[in-house]
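Residue strings, one per chain:
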2 protein chains.
Amino acid sequence: MEEIYNFSAGPAALPKAVMQQAQSEFIDWQGLGTSVMEISHRSAEFIKVAEDAERDLRELLSVPDNYKVLFCQGGARAQFAAVPLNLLGDKKKALYVDAGYWAQSAIAEAKKYCEPVVLDAKELVDGKVSITPAEKWESSNEFAYLHFCPNETIDGVEINDLPVTDLPIVADMSSTILSRRIDVSKYGVIYAGAQKNIGPSGLTLVIVRDDLLDRSDVKTPSVLSYKTLAEKDSMFNTPPTFAWYLSGLVFKWLKQMGGLEVMEALNIEKAALLYDAIDASEFYVNNVASDNRSKMNVPFQLAKPELDGLFLEQATAKGLVSLKGHRAVGGMRASIYNAMTLEGVQALVDFMHQFEQQHA
Amino acid sequence: MEEIYNFSAGPAALPKAVMQQAQSEFIDWQGLGTSVMEISHRSAEFIKVAEDAERDLRELLSVPDNYKVLFCQGGARAQFAAVPLNLLGDKKKALYVDAGYWAQSAIAEAKKYCEPVVLDAKELVDGKVSITPAEKWESSNEFAYLHFCPNETIDGVEINDLPVTDLPIVADMSSTILSRRIDVSKYGVIYAGAQKNIGPSGLTLVIVRDDLLDRSDVKTPSVLSYKTLAEKDSMFNTPPTFAWYLSGLVFKWLKQMGGLEVMEALNIEKAALLYDAIDASEFYVNNVASDNRSKMNVPFQLAKPELDGLFLEQATAKGLVSLKGHRAVGGMRASIYNAMTLEGVQALVDFMHQFEQQHA
């Protein structure tokens, strides 16, 4: 089989070594004669999977002891409701930083439960999309928390800094988690849908500071209650066991790769290779300011949009798949999460160069 | 490898043919060079998986056109909140029939949103657990709906009849769906966690009559809103694509087996084989009245509970696994969902007979 480089924005490619291991033990896991997905989530065998996954994740992210790690369902979309339901407490307002599509989606859902005060952080500087530095985000203690999305997958926008605030900082890290080191202790809640840098879709990771567990609205559905899930070790409801197992394999793979310091360096290298190729060209354009360019999702437009279809067709023929941009913005988008290799990005850059030479 | 018969109550065994197919195409699905879990849920390839699964499910259950089929997350536990949030409308009360642990769990969650009026349907008749016939369930139009759980997995209790009522009937069919024919048109909402008779854990099926889509409370989290999920073809949030795909394979397998008429006959035969063996013995006891015995979950106690550990140990050694009863009731439980073969039940009966001869 020809080498396939999968640039899907999500559900995204998983590490090849992980997928090969999962395939090899798919119907006979640990000699049990069954799949890991066919055993009770309360069996000793699965409890070990769950505990190993949490331990490895804590190690990778250096999660402090006063944070709970929850393995939930419903994706970031469920967290858009869970965050206000769990964190508002007595307050009526929360600060939402708007840097793109996903932040706006969180705001829309939050309106069901509170008054989200929106800080529009998008600016055009010299024609490029730029994000207001976090030090300028004005907050106030009338807000229950500050919510932002550090990586906007559709817009290809990344926020690397953090505000200095007493508010609990809540971050939707769906597409950036585990791609670089972070200081978890700066956050109140971190959440992430799994289907980009963690594992398959259907699993959602929540990391929550334990002093925030007692604010939950009485009408919070139990499956969305951080406190309930924490008390039940994420087994209040039957968890998505196969997704949890597969995510655990990804965490072990990340450790084998050398951890997040190594992944961060690799991701910087991959992104630089692609952005440098775009910037060196007259044919490809990315319109995000360099400080705010996403290292995970690289959108770019062709100078001749009428060639979009041909570009995608020829790329696919070369094994470079899922490069079509989000329907909201068009053009191309290369998602280069942890599982994308440097070789894959190089292959894309080579193809782009060749295509440009033929059609510029 | 020795033949393994897996009696897990859930996550439960899946059909062997389905697991073998999923393994064979795990890292190269449909020649794409990627797994089905590594592609966009909005790709043409996955849309076809989703549509095929829905079409096959509709065919198996003869779902009328005025019902929506939703593929959700969060399990039955999420539905315990979703049902009142979506169906109460202007009403404050709903009727909940209590026949065991899961009905009670639904009631506990419903109390967050309404006044669940509880009808205790459990009776002891000649020392056996019996369920009040549905024709005697008194309802009233002050209730928004009638909720019940037709198969209680822990207690091994099944309800085969339906009340005659104008209320929308809501049924938690997690452990009985697809095990026998049902008349969907009699129900307002049917929901089921996948991990027993559908597919892996992490997927929840909801079948809802379309006139019930407009009652949703404004504070319903969007991921739990039947209307939102119906409008977005269950892709409001990124769905658990691998679980959806695998469930689709199970639906195709059920069709190949001959559909639900054939499965129902097979399930009656399997259950009869096991209950007859229990009743013919002085050593094993099941204390549910014959009309209410579950054909999916068969709990039984040993006359000498001190032998429970030995029974489990020897059964496991013979490849008969996951027979330990739920921690709430102890003893044994054999879950014999669709994927359990008649040969598996026969092997269990043979072992039980042999164990009894040695230890009675």
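Residues numbered from 1 in each chain as written. Chains lettered and ligands numbered in written order. Predicted model: local features only at pLDDT ≥ 70, side-chain atom pairs only at ≥ 80, totals over all residues. Heavy atoms only, no water.

> Any chance you could explain the relation of the copies chain A and chain B here in plain terms?
Each of the two chain copies can be brought onto the other by rotation about an axis and movement along it. After a rotation of 180° and a shift along the axis of 0.0 Å, chain A superposes on chain B with an RMSD of 0.0 Å. As the rotation angle and translation indicate, the two copies are arranged about a two-fold axis. Of the residues that chain A buries at the interface, 100% are likewise interface residues in chain B, meaning the two copies contact each other through the same surface. (Least-squares fit on C-alpha atoms with pLDDT ≥ 70 in both. Contact = heavy atoms within 4.5 Å.)

> What is the right way to look at the packing of helix α6 (residues 241–257) of chain B against helix α7 (residues 260–279) of chain B in this model?
Helix packing for two helices is described by the angle between their axes and how far apart those axes are. Residues and elements named next belong to chain B. Relative orientation of the contacting elements α6 and α7 amounts to 80°, with a least axis distance of 7 Å. As the angle between them shows, α6 and α7 are arranged roughly perpendicular. The residues of α7 that touch α6, namely those facing W253, L254 and M257, are V262, M263 and L266. (Axes fitted to C-alpha atoms, helices over the stretch in contact; angles between N-to-C directions. Helix = DSSP H or I, 4+ residues; strand = E, 2+ residues; numbered from the N terminus. Parallel < 35°, antiparallel > 145°, perpendicular 65-115°, else oblique.)

> Mind showing me how you'd approach helix α1 (residues 16–24) of chain B here?
Each turn of an α-helix holds 3.6 residues, which means side chains three or four residues apart point in the same direction. Among the residues of α1 of chain B, those classed as buried are V18, M19, A22 and Q23 of chain B. Relative to the axis of α1 of chain B, the buried residues are bounded by an arc of 130° and lie together on one face. Packing partners of the buried residues in α1 of chain B comprise α1 (16–24) of chain A together with α6 of chain B. (Buried < 20%, exposed > 50% of the residue type's maximum accessible area, 1.4 Å probe, protein only. Arc of directions from axis to C-beta.)

> What exactly am I supposed to notice about the nonpolar core here?
Where a protein is soluble and globular, its nonpolar side chains tend to be buried together. With 128 residues, the main nonpolar core has L61, L178, I207 and F242 of chain A together with L61, L178 and F242 of chain B as its most contacted residues. With residues up to four places along the chain from it excluded, the contact list for F242 of chain B reads F26, M37 and F242 of chain A together with F26, V36 and M37 of chain B. (Core = buried A, V, L, I, M, F, W, Y, C linked by side-chain atoms within 4.5 Å.)

> What exactly am I supposed to notice about the side chain of E158 of chain A here?
Residue and element names in this part refer to chain A. By the secondary structure assignment, E158 is in strand β9 (residues 157–158). E158 sits in the buried class, given a relative accessible area of 1%. Reaching out from E158, the side chain makes a polar contact with the backbone nitrogen of K295 at a distance of 2.7 Å. Ignoring anything within four residues of it in the chain, the contact list for E158 reads P150, N151, R180, D291, N292, R293, S294, K295 and M296. (Polar contact = N/O pair within 3.5 Å; in protein donor to acceptor, adjacent residues only side chain to side chain.)

> Is there a simple way to think about the UniProt feature "modified residue: N6-(pyridoxal phosphate)lysine" (unreviewed entry) in chain A in this case?
Residue and element names in this part refer to chain A. When the UniProt feature table is mapped onto this chain, "modified residue: N6-(pyridoxal phosphate)lysine" (unreviewed entry) is found at K196. Checked against the element boundaries, K196 lands in the loop between β11 (189–193) and β12 (204–209). Contact partners of K196, with chain neighbours within four places excluded, come to A9, G10, A12, A13, T153, S174, S175 and Y337. In this structure the side chain of K196 is engaged in a polar contact, spanning 2.9 Å, whose partner is the backbone oxygen of A9. (UniProt positions renumbered as here; feature names shortened; annotations may be inferred.)

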